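Geometric and topological summary
Letter by letter, the chains look like this.
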Amino acid sequence: MFAPLPDKPDHPALELEILEAWEREGTFAQLRERNRGGPKWSFVDGPVTANRFSLGVHTAWGRTLKDVFQRYHALRGFDQRYQNGFDCQGLWIEVGVERSLGLNSKREIEAFGLEEFARRCRDVVVRSSDALTRGSIRLGQWMDWGNDYFTFSDTNIEYIWKFLKLVHGRGWLYMGHRSTEWCPRCGTSLSQHELSQSGVYQERADPSLYVRFPLLDRPGESVVVWTTTPWTLPANVAAAVHPDAEYGRRENGEWVAVSLFPDDTFVERLPGRELVGLRYRGAFDDLEPGSRVEHRVIAWEDVTMDQGTGVVHIAPGCGGEDFELSKVEDLPVLTPVDESGRFYDDYGWLHGLSTTEAADQIIGRLAETGFLVESGLYTHSYPHCWRCDTPLIFRLSDDWFISVDELRPTLLEENARVHWVPEYMGKRMDDWLRNMGDWNISRRRYYGLPLPFYPCACGHLNVIGSKRELAERSVSGLEQLEELRRPWIDRVPIRCEACGEPVERIPEVGDVWLDAGIVPFSTLGWENEAWVEEGYATGAARGLTKADLPDHAYWETWFPADWVSEMREQIRLWFYSQFFMSVALVGRSPYRRVLAYEKMLDETGREMHASWGNTIPAEEAFAQMGADVMRWQYCAQPPDRNLLFGYGPAHEIKRRLLTFWNSARFLIDYGNIEGFAPSWSDLDPSGLDLRPLDRWLVERTKQLLADVTEAYEATLTVDAVRAFEGFVDDVSNWYIRRSRRRFYSFDEAAFRTLWFALVQSLRAISPIMPFLADHLWRNLVQDGPSSVHLAPWPEAERPDGSLLAEIAEVRRVVELGRQARSSSQLKLRQPLRRLVVAGASADAHGHAGEIADELRVKEVAFGDVEASELRVKPNLPLLGPKLGAALRDVRERLARGEFEELDGGRFAVDGHVLEPDEVLVERVGREGWAVASEAGLTVALDTALDDELLLEARLLDRIHEVNVLRKESGLAITDRIRLWLPDVDLIERYRDRIAQETLAVAVEHGDLRLEQA
Ligand SMILES: [Zn+2]
Ligand SMILES: [Zn+2]
């Protein structure tokens, strides 16, 4: 016996049951054991940042995709690693701790104490990794939980040290003095790839100021500049003009670019180069730094004429391009603000103000001193700190960089070897690799990888490559070194290898993308001589994982990854950092194949934000829609488009899954009645005496397996979902619909064929929908593998294409017949006399009976459809240019029907051949016919009704009514009845048919009623 199924699946409840069964039976362990020693499929998990205390639906998307392809490869017998990773350092973690402690600046963190701060950061990782693990298990993700890698492990840090030492050995490491994007709240610079994260650029309204600088050499005249960052004006040193642009002087002496002010009147015009060299008075020369500067007009080819005044305010301490220009033009560089974005002492009355606080006072002062021409507001897209959302400023700082130019050609070559899905993602990586600047790897923060740089006063830069080297060269402090981390590491000075003097480490920590980028080496044991049990559980990771540090042979086995997958923004982040590090270390890409996907938005297409109330916690989604439905939603998504996630789409998915559920329920209900007990060893029904429809379903099932196999191999879940949906429709709306009666008695071929189709489809979809698939499997396959996940992948056989094409065509004819019927507004239960089908292949002729039955017509004829009229109109935008003056004539002939239909959808009119896209074709039923047509296939329904057809329509209405009544009376589907009907004519004419279709043992005349027989 099969367990009877309820009307619809309770996804959350059955998922919890299946999770419990997996746990109890050790299903995943069994699967791993079975595949041990099999061919390898290497997947490297991109670490999730361990700073949230519940799984998000965004993260669940990526985790689902990872799980789907691991499950698929496991079914195929591949041995896999299943190592999950957590990202544990950097600003994400620090900022959360700062918030929880109410700390608002670096000074406050230092006052709080770095030891305790580090411990609090670790606590966040401990709690978060635990919560994320629980959420992932609930999602159905199978990973080697408990052997995860944590990027704050000392082992991981040592691997990065090793990388940095190698980079230094090649001469790529340098300290750069640059103007960079800077977060004043976090007190650190940001790298180019951090700026590329989503959410960094946000719309923002800033002051828009026009400021005049009086020219010392031309009294009464001035140059006018435009800026949206008032705080940079006290750092102004020059005004740039385009040497070839035309500038004009207004009556009041103001010089601006002529092209930007076309309506102004100018009393004098000069090319920019004539203004170059003029000296002017700065707006803040009363402050000490400005007073030291000789301001002048300079030439700059990059001055654009799209906004502003055509004269550009140059402050080299506050802008990247300005800083570059300062080197060319030998301009002084003023740095007005400190690390926290506040003005330095020597800026007098501005001292201590933040850049935003200073804005109003600066504008006020400009107005008082007569420098202000005009002020307003300007809305633009402006970069914000990716973590704390503070608007960024430009600031000069000394940062550590890895020069990328020498490696760039190899990076490009290696990327060309990677198989990117979708393909354009690879192009994006290529663009990034071509255009990226040097990698800024230093951050002035606390909870991060300690950069092992010890610059000595003698000029030598010491770079430490391992913990052992640190120990050997340390001067003191080793005994208190709990972890390779601030503050402990800062108390371990080393001896300079050049002069022997003690040297201290720089205070900076590393970019978090170093932490994640080293993973293909640090977790796989690259260049590690001997396997170390739990050797990855070092430093802060101790006690959190039991992960080993494998040996180099292991690395050789598992590197490079066969596949990695993350969101598109990771192209410039994790995909990039590991790629860069790998090409630097071993000269090749760390992955062979990548699946990258676009963003997740809410179901109306908006970004999800907690403050907008449109985020969905994964816990809530598990409870309300179920993990399978979430996974379905993720997997149905083409990766090149944004996913609109929500309960609306989930509802639609549940509706579609219900069709599948109902097919299984149909088999189970009738199977239980008829005592159907299939055996796993007789899965394939081909040996039975099958009917054509059965043979078709067997082939259709093979096609499903071939399609989903291809989809999984191409790492495109969307294709697997589509293949499954088409299959479900064919099973339910064709096979079961056409074979229903065969299940009312024990027709073994029908039962076995449907069972085969359902069982195979469960295997096909199990990676995407692991719970529902296993739930139904455990019911339908009672003597086979205990879980669908333990049944091996069914090898795809080539289906009989001609049989499939034949039925596909029949289904199209029926579909068109339904369209024609609905256009005629005839009800479905009204039988009709005749259907004519034109354009069908000879194979379809053998299915006339099925078509007649489906469409309730007495006769199906194949041949020309004369019942329709062809109307052809010109497609004017295309035909107009082609025909010119002849168009009018052609148009009239078409309207009069004076044309000849050629093959391939072309038409001849008066010597002109019109191509298919040049005409609009419509087939209209003539009086008394309903017509529908598509892609060469046309059907026409004779809509004329006679007495007999009307009588039969009444019969069908009556039978329907009786069957509704049966259901309402609570009768089981097999219960027999006695039936009374008021229609004498129907009873006389159709007694047997009524009895058969309502399971009546007797049909008598009387008021409509029934009773159980
Ligand atoms: Zn910040
Ligand atoms: Zn030295």
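Preceding this paragraph is the structure being described.
To keep things clear, this report deals only with the structure shown in the data block.

What counts as what
- Residues numbered from 1 in each chain as written.
- Chains lettered and ligands numbered in written order.
- Predicted model: local features only at pLDDT ≥ 70, side-chain atom pairs only at ≥ 80, totals over all residues.
- Heavy atoms only, no water.
- Helix = DSSP H or I, 4+ residues; strand = E, 2+ residues; numbered from the N terminus.
- Buried < 20%, exposed > 50% of the residue type's maximum accessible area, 1.4 Å probe, protein only.
- Contact = heavy atoms within 4.5 Å.
- Areas by Shrake-Rupley, 256 points an atom, 1.4 Å probe, with all protein chains shown as cover.
- Donors = N, O, S within 2.8 Å, 3.2 Å for Na, K, Ca; no water.
- Tetrahedral: all angles 85-135°; square planar, octahedral: opposite > 155°, others 65-115°.
- Pairing = 2+ DSSP bridges.
- Axes fitted to C-alpha atoms, helices over the stretch in contact; angles between N-to-C directions.
- Expected span 1.5 Å × (residues − 1).
- Polar contact = N/O pair within 3.5 Å; in protein donor to acceptor, adjacent residues only side chain to side chain.
- 1 Å grid on protein atoms, 1.4 Å probe; cavity = no way out; pocket = protein on both sides within 12 Å on 5 of 7 lines; lining within 4 Å.
- Points joined across faces, edges and corners; volume = space filled by probe spheres on them.
- Nonpolar A, V, L, I, M, F, W, Y, C, P; charged D, E, K, R; others polar.
- Phe/Tyr/Trp six-rings, centres within 6.5 Å; stacked < 30°, edge-to-face > 60°.
- Lys NZ or Arg CZ within 6 Å of the ring centre and 35° of its normal.
- Lys, Arg positive; Asp, Glu negative; His and termini not counted.
- Salt bridge = Lys/Arg side-chain N within 4 Å of Asp/Glu carboxyl O.
- Parallel < 35°, antiparallel > 145°, perpendicular 65-115°, else oblique.

Some words on the overall build of the protein chain
Helix and strand content of the protein chain: 32 helices and 39 strands. Along the first, second and third principal axes, the C-alpha atoms of the protein chain reach 115 × 80 × 50 Å. Per-residue burial over the protein chain gives 57% buried out of 1013 residues. Considering only contacts within the protein chain whose residues lie at least 6 apart along the sequence, 75% involve residues at least 24 apart. Accessible surface, the protein chain as shown: approximately 42,200 Å² in total, 47% of it carbon and sulfur.

Side note on the coordination of the zinc ion (ligand 2)
At this site the zinc ion (ligand 2) is bound by Cys456 (SG), Cys458 (SG), Cys496 (SG) and Cys499 (SG), with donor distances of 2.2 to 2.3 Å. Classification of the site at the zinc ion (ligand 2) rests on its four donor atoms, whose angles at the metal span 102 to 117 degrees, yielding the label tetrahedral. Motif for the zinc ion (ligand 2), donor spacing along one chain: C-x1-C-x37-C-x2-C. With Cys458 in the loop between strand S19 (453-455) and strand S20 (461-463) and Cys496 in the loop between strand S21 (494-495) and strand S22 (502-503), this pair connects stretches of sequence that are 38 residues apart.

Some points on the sheet that holds strand S14 (residues 372-383)
Across a sheet, strands are paired by hydrogen bonds formed along the backbone, either parallel or antiparallel in direction. Strands sit in the order S11-S9-S10-S7-S6-S14 across an open sheet of six strands; the sheet is mixed. Among the strands making up the open sheet, the edge pair consists of strand S11 (268-271) and S14. The sheet shows a mean angle of 30 degrees between the axes of neighbouring strands, direction not considered. Inspection of the sheet shows strand S9 (residues 246-249) paired to strand S10 (residues 254-257) by three bridges, in the antiparallel sense. Looking at S10, one finds that Gly248 is bridged to Val256. Packed on one face of the sheet, helix H11 (residues 355-369) meets strand S6 (201-214) and S14 and runs near 25 degrees to S6.

Quick word on the coordination of the zinc ion (ligand 1)
Geometry reference: four tetrahedral donors at a metal, ideal angle 109.5 degrees. Six octahedral donors, ideal angles 90 or 180 degrees. In the first shell of the zinc ion (ligand 1), the protein supplies Cys183 (SG), Cys186 (SG), Cys385 (SG) and Cys388 (SG), at 2.3 Å from the metal. Coordination at the zinc ion (ligand 1) is tetrahedral: its four donor atoms span angles of 101 to 120 degrees at the metal. Between consecutive donor residues of the zinc ion (ligand 1), the sequence gaps follow C-x2-C-x198-C-x2-C. Of this pair, Cys183 sits in strand S4 (residues 173-183) while Cys385 sits in the loop between S14 and strand S15 (393-402), and the two are 202 residues apart along the sequence. Each member of the pair, Cys183 as well as Cys385, carries the same accessibility label: buried.

What to know about helix H7 (residues 154-169)
Given a rise of 1.5 Å per residue, 16 residues ought to cover 22 Å, and the 22 Å separating the end C-alpha atoms of H7 matches this to within 8%. Listed in full, the buried residues belonging to H7 are Asp154, Thr155, Asn156, Ile157, Tyr159, Ile160, Trp161, Phe163, Leu164 and Val167. Capping the start of H7 is the job of one residue whose side-chain oxygen sits 3.0 Å from the backbone nitrogen of Thr155: Ser153. Remark: Gly171 follows H7 within two positions and exhibits a positive phi of approximately 80 degrees.

Quick look at the sheet that holds strand S1 (residues 48-49)
Read from one edge to the other, the open sheet built from three strands follows the order S1-S2-S3, with strand pairing classed as parallel. In this open sheet, the two edge strands, each paired with only one partner strand, are S1 and strand S3 (149-150). The pairing of strand S2 (residues 85-87) with S3 spans two bridges and is classified as parallel. Among the inter-strand pairings, Gly85 is bridged to a residue of S3, identified as Tyr149.

Looking at empty space enclosed by the protein
Over the atoms a probe the size of a water molecule is rolled, and this reveals where empty space is left. Throughout the structure, instances matching the rule amount to six cavities of 30 Å³ or more. Its boundaries defined by the atoms lining it, the largest cavity holds a volume of some 80 Å³. For the largest cavity, the full set of lining residues is Gly90, Leu91, Glu194, Trp386, Arg443, Arg445, Tyr447, Gly448, Val509, Gly510, Asp511 and Val512. Residue composition of the lining of the largest cavity, grouped by class: five nonpolar, three polar and four charged. Estimates place the volume of the second largest cavity at around 70 Å³. Trp61, Leu65, Leu595, Tyr597, Tyr634, Gln637, Pro639, Thr715, Leu716, Thr717 and Val718 together form the lining of the second largest cavity. Sorting the residues of the lining of the second largest cavity by element identifies helix H3 (57-75), strand S25 (593-597) and helix H23 (717-739) as the ones contributing at least two each.

A short note on unusual backbone geometry
Backbone geometry follows two general trends: most residues other than glycine have a negative phi, and most peptide bonds adopt the trans configuration. The omega torsion of the bond from Val421 to Pro422 falls at -10 degrees, within 30 degrees of zero and hence cis. Relative to the assigned elements, Pro422 resides in the loop between strand S16 (419-421) and helix H13 (423-435). Going from Arg486 to Pro487, the amide bond is cis rather than trans, its omega being 0 degrees. Secondary-structure assignment places Pro487 in the loop between helix H14 (467-473) and S21.

Some remarks on the environment of Ala1013
The topology assignment puts Ala1013 in the segment after strand S39 (1009-1012). For the pair Ala1013 and Asp302, spaced 711 residues apart in sequence, the C-alpha to C-alpha distance is 95 Å. When residues no more than four places from it in sequence are discounted, the contact partners of Ala1013 are Arg976, Ile977, Arg978 and Val1001.

Overview of the packing of aromatic side chains
Under the counting rule described, the total for this entry stands at 54 aromatic pairs. For the pair Phe150 and Phe152, a centre-to-centre distance of 6.0 Å together with 15 degrees between the ring planes defines the contact as stacked. You'll find Phe150 and Phe152 in the same group, each marked buried. Taken together, the ring pairs in this structure connect Phe2, Phe666, Tyr670, Phe676, Phe743, Tyr744, Phe746 and Phe751 into an aromatic cluster. Of note, Arg250 hangs over the ring of Phe261, and the distance from its end group to the ring centre comes to 4.7 Å. Here the guanidinium or amino end of Arg738 rests over the ring plane of Trp734, the centre of that ring lying 5.8 Å away.

Section: the environment of Ala623
Mapped onto the elements of the fold, Ala623 is located in helix H19 (residues 618-624). Each C-alpha atom of the pair Ala623 and Asp783 lies 32 Å from the other, and the pair is 160 residues apart in sequence.

Quick word on the environment of Tyr159
Mapped onto the elements of the fold, Tyr159 is located in helix H7. Tyr159 gets classed as buried once you look at its relative accessible area, which sits at 8%. Distance in space between the C-alpha atoms of Tyr159 and Asp515 is 9.2 Å, their sequence separation being 356 residues. Excluding residues within four positions of it along the chain, Tyr159 makes contact with Ile518, Phe521, Ser522, Gly525, Trp526, Asn528 and Leu549. A distance of 2.6 Å separates a polar atom in the side chain of Tyr159 from the backbone oxygen of Trp526.

A closer look at the side chain of Asp628
Among the secondary structure elements, Asp628 is positioned in helix H20 (residues 627-635). We note that Asp628 is buried and unpaired, the nearest opposite charge coming from Arg631 at a distance of 4.8 Å.

Observations concerning the packing of helix H22 (residues 692-713) against helix H24 (residues 748-765)
Two numbers describe how H22 lies on H24: the axes approach to 9 Å, and their chain directions differ by 5 degrees. By the criterion of interaxial angle, the relationship of H22 to H24 is roughly parallel. Note on element contacts: H24 touches H22 through Ala749, Ala750, Thr753, Leu754, Phe756, Ala757, Gln760, Ser761, Ala764 and Ile765, opposite Asp694, Leu697, Val698, Thr701, Leu704, Leu705, Val708 and Tyr712. Looking at side-chain class alone, the contact of H22 with H24 contains 13 nonpolar, four polar and one charged residues.

Some points on the pattern of salt bridges
It is possible for side chains bearing opposite charge to pair when their charged atoms get close. This model, assessed by the stated rule, comprises 101 salt bridges. Across the pair Asp7 and Arg665 runs a salt bridge whose closest N-O atoms are separated by 3.3 Å. With Asp7 in the segment before helix H1 (11-25) and Arg665 in helix H21 (residues 647-674), this residue pair connects regions lying 658 residues apart in the sequence. Of the residues examined, Arg665 reaches a relative accessible area of 22% and is grouped as partly exposed. Where Arg218 meets Glu221, a salt bridge forms, and the shortest distance between an N and an O atom there is 2.7 Å. For Glu221, a relative accessible area of 12% translates into the label buried.

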